[in-house]
Amino acid sequence: MTTKLTPGAASGWDQATYRCGRCGAESTVATEEAYLQAVGVHTDAHAVWDRLNTIERDGFVSILRTILSAPELGFEFLALADRLHRTEGDTQPLAVPGTTTPQSDPSPSNATARATE
């Protein structure tokens with residue numbers, strides 16, 4: 001992992017580029033908060049990748065490509081799973097405890113991220 005800072009702002013933070021030493025992915029961001037989020041998400045992605053075997057990776061990638069190409073499908077699938085889970089007698093939702101129901105993110109940056117994967 002390397003960090004290349006570009007000077008310019010009065011605070012000393014104009015932009016930073018994160019480059020992963022494992023896979024070479026690069027992400028340039030304009031705020032410290034965005035940098036920390038980019039590093040954290042990328043590190044988490046590596047952790048998930050490392051836990052899966054080849055067959056699981058292929059299946060997971062296929063599912064993600066389908067869901068991320070139509071986020072509303074993913075949200076509706078989760079809602080359907082929760083409804084069906086409740087009708088089968090279990091009152092606990094399938095969602096992760098402590099999280100809220102996901103909402104679609106139609107922002108251009110999200111669409112760009114999906115298009116490049």
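Residues numbered from 1 in each chain as written. Predicted model: local features only at pLDDT ≥ 70, side-chain atom pairs only at ≥ 80, totals over all residues. Heavy atoms only, no water.

Q: Looking at this structure, how should I read the pattern of salt bridges?
A: Two side chains that carry opposite charge are able to pair once their charged atoms sit near each other. Scanning the model with the defined rule gives two salt bridges in all. The residue Arg22 makes a salt bridge to Asp50 at a minimum N-O spacing of 2.9 Å. Linking Arg22 in the loop between β2 (15-19) and β3 (26-29) with Asp50 in helix α1 (residues 32-51), this pair joins segments that are 28 residues apart in sequence. Across the pair Arg83 and Glu76 runs a salt bridge whose closest N-O atoms are separated by 3.3 Å. (Salt bridge = Lys/Arg side-chain N within 4 Å of Asp/Glu carboxyl O. Helix = DSSP H or I, 4+ residues; strand = E, 2+ residues; numbered from the N terminus.)

Q: Sorry, what's going on with the packing of aromatic side chains here?
A: Aromatic ring pairs are reported here in terms of the distance separating the ring centres and the angle at which the planes meet. According to the stated counting rule, one finds one aromatic pair in the structure shown. Relative to Tyr35, the ring of Tyr18 lies with its centre 6.3 Å away and its plane at 80°, an arrangement referred to as edge-to-face. Residue Tyr18 is located in strand β2, and its partner Tyr35 is located in helix α1; the two are separated by 17 residues in the primary sequence. In terms of burial, Tyr18 and Tyr35 fall into one category: buried. (Phe/Tyr/Trp six-rings, centres within 6.5 Å; stacked < 30°, edge-to-face > 60°. Buried < 20%, exposed > 50% of the residue type's maximum accessible area, 1.4 Å probe, protein only.)

Q: What exactly am I supposed to notice about the environment of Arg22 here?
A: What makes Arg22 exposed here is its relative accessible area of 54%. In sequence terms Arg22 and His46 are 24 residues apart; their C-alpha atoms lie 8.9 Å from each other. Excluding anything up to four places from it in sequence, Arg22 contacts His46 and Asp50. Separated by 2.9 Å, the side chains of Arg22 and Asp50 make a polar contact. (Contact = heavy atoms within 4.5 Å. Polar contact = N/O pair within 3.5 Å; in protein donor to acceptor, adjacent residues only side chain to side chain.)

Q: Please explain α1 as it appears in this structure.
A: Each full turn of the α-helix corresponds to 3.6 residues, which orients residues three or four apart in the same direction. With 20 residues, α1 ought to run about 28 Å at 1.5 Å a step, and its terminal C-alpha atoms sit 29 Å apart, in line with that. Among the residues of α1, Tyr35, Ala38, Val39, His42 and His46 are the ones counted as buried. In an axial view of α1, the angular spread of the buried residues amounts to 95°, which keeps them on one side of the axis. Those residues of α1 that are exposed and angled more than 90 degrees off the buried face are Glu33, Leu36, Gln37, Val41, Asp44 and Arg51. (Expected span 1.5 Å × (residues − 1). Arc of directions from axis to C-beta.)

Q: Would you take a moment to explain the side chain of His46 for this structure?
A: Its place among the elements puts His46 in helix α1. In this structure His46 touches Cys20, Arg22 and Cys23, once residues within four positions along its chain are discounted.

Q: Teacher, can you tell me more about the nonpolar core here?
A: Across soluble globular proteins, nonpolar side chains have a tendency to be buried as a group. Counting residues in hydrophobic clusters, the biggest one holds six residues: Ala16, Tyr18, Cys20, Val29, Tyr35 and Val39. Elements supplying a minimum of two residues to this core: β2 and α1. (Core = buried A, V, L, I, M, F, W, Y, C linked by side-chain atoms within 4.5 Å.)

Q: Just to check I follow, could you spell out the state of the cysteines for this structure?
A: Should the sulfur atoms of two cysteines be covalently bonded, the bond is a disulfide. For the structure on display, the rule yields zero disulfides. Not part of a disulfide, Cys20 finds its nearest cysteine sulfur in Cys23, a span of 3.8 Å. Assessed through its relative accessible area of 46%, Cys23 is described here as partly exposed. (Disulfide = S-S within 2.5 Å.)

Q: It is not clear to me how the packing of helix α2 (residues 54-69) against helix α3 (residues 71-87) should be interpreted in this structure. Could you clarify?
A: For any two helices packed against each other, one specifies the inter-axial angle together with the distance between the axes. Packing of α2 against α3 leaves a shortest axis separation of 4 Å and a crossing angle of 105°. By the criterion of interaxial angle, the relationship of α2 to α3 is roughly perpendicular. Residues Thr66, Ile67, Leu68 and Ser69 of α2 pack against Pro71, Leu73 and Gly74 of α3. Of the residues belonging to the contact of α2 with α3, the class tally is four nonpolar, three polar and no charged. (Axes fitted to C-alpha atoms, helices over the stretch in contact; angles between N-to-C directions. Parallel < 35°, antiparallel > 145°, perpendicular 65-115°, else oblique. Nonpolar A, V, L, I, M, F, W, Y, C, P; charged D, E, K, R; others polar.)

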